[in-house]
Amino acid sequence: VQLVESGGGLVQAGGSLRLSCAASGFTFSSYAMSWVRQAPGKGLEWVSAINSGGSSTSYGDSVKGRFTISRDNAKNTLYLQMNSLKPEDTAVYYCAKSQYPMNSDSYYEDEYDYWGQGTQVTVSS
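**Here's the deal with the packing of aromatic side chains**
Okay, so step 1: Considering all chains together, one arrives at 5 aromatic pairs under this definition.
Okay, so step 2: With 6.3 Å between their ring centres and 80° between their planes, Tyr94 and Trp115 make a pair best called edge-to-face. Placement of Tyr94 in strand S9 (residues 91-98) and of Trp115 in strand S10 (residues 112-115) is noted, with a sequence separation of 21 residues between them.
Okay, so step 3: By relative accessible area, Tyr94 is classed as buried at 19%.

**Let's talk about the pattern of salt bridges**
Okay, so step 1: The full count for this structure, using the stated rule, is 5 salt bridges.
Okay, so step 2: For Lys64, the salt bridge goes to Asp61, with nearest N and O atoms at 3.2 Å.
Okay, so step 3: Asp61 gets classed as exposed once you look at its relative accessible area, which sits at 70%.
Okay, so step 4: Here Lys97 and Asp113 are joined by a salt bridge, their closest N and O atoms 3.0 Å apart. Of this pair, Lys97 sits in strand S9 while Asp113 sits in strand S10, and the two are 16 residues apart along the sequence.
Okay, so step 5: Taken together, the shared-partner salt bridges in this structure form one network comprising Arg37, Glu45, Arg66 and Asp89.

**Observations regarding unusual backbone geometry**
Okay, so step 1: The backbone of Asn76 shows a phi angle near 55°, a positive value even though the residue is not glycine.
Okay, so step 2: Take Asn76: it is sitting in the loop between strand S7 (67-72) and strand S8 (77-82).
Okay, so step 3: Even without glycine at this site, Ser84 takes up a positive phi of about 50°.
Okay, so step 4: With respect to the secondary-structure elements, Ser84 resides in the loop between S8 and S9.
Okay, so step 5: Note on Ser84: relative accessible area 41%, which makes it partly exposed.

**A short note on the sheet that holds S7**
Okay, so step 1: Judged by pairing direction, the sheet is antiparallel, and its 4 strands sit side by side in the order S1-S3-S8-S7 without closing on themselves. Among the strands making up the open sheet, the edge pair consists of strand S1 (2-6) and S7. Going from strand to strand, the sheet's axes swing by 15° on average, the running direction of each strand aside.
Okay, so step 2: The sheet contact formed by strand S3 (residues 17-24) and S8 spans 6 bridges and is antiparallel. Counterpart to Cys21 in the pairing with S8 is Leu78.

Rules used in this analysis
- Residues numbered from 1 in each chain as written.
- Predicted model: local features only at pLDDT ≥ 70, side-chain atom pairs only at ≥ 80, totals over all residues.
- Heavy atoms only, no water.
- Phe/Tyr/Trp six-rings, centres within 6.5 Å; stacked < 30°, edge-to-face > 60°.
- Helix = DSSP H or I, 4+ residues; strand = E, 2+ residues; numbered from the N terminus.
- Buried < 20%, exposed > 50% of the residue type's maximum accessible area, 1.4 Å probe, protein only.
- Salt bridge = Lys/Arg side-chain N within 4 Å of Asp/Glu carboxyl O.
- Pairing = 2+ DSSP bridges.
- Axes fitted to C-alpha atoms, helices over the stretch in contact; angles between N-to-C directions.

In structure tokens form, the structure reads like this:
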């Protein structure tokens, strides 16, 4: 199994970025996927999740209304569109594979069996 994130970078506050996570080595369309981030010196924060078919999504309170998760099962790719970025969104963003087809609405450590290497997002004020 491989999860490879891309699309991170430096952006000014109010700007946008689109993260991608290319998946391989498993049946991508059978599993929910999540984005989880870690800010400098802080613990993991669950950002968003999407079910296996892409019909159900969930978001953390801090990103609701600004971020949109989506997936393309034909391309085995997960996305996170991030708009109206704030300095507090600065973090390493990881995509994670759930062991289940349904998306969760919070962070459950035991839910995930594979993680990507992460992509850095830095938002300047």
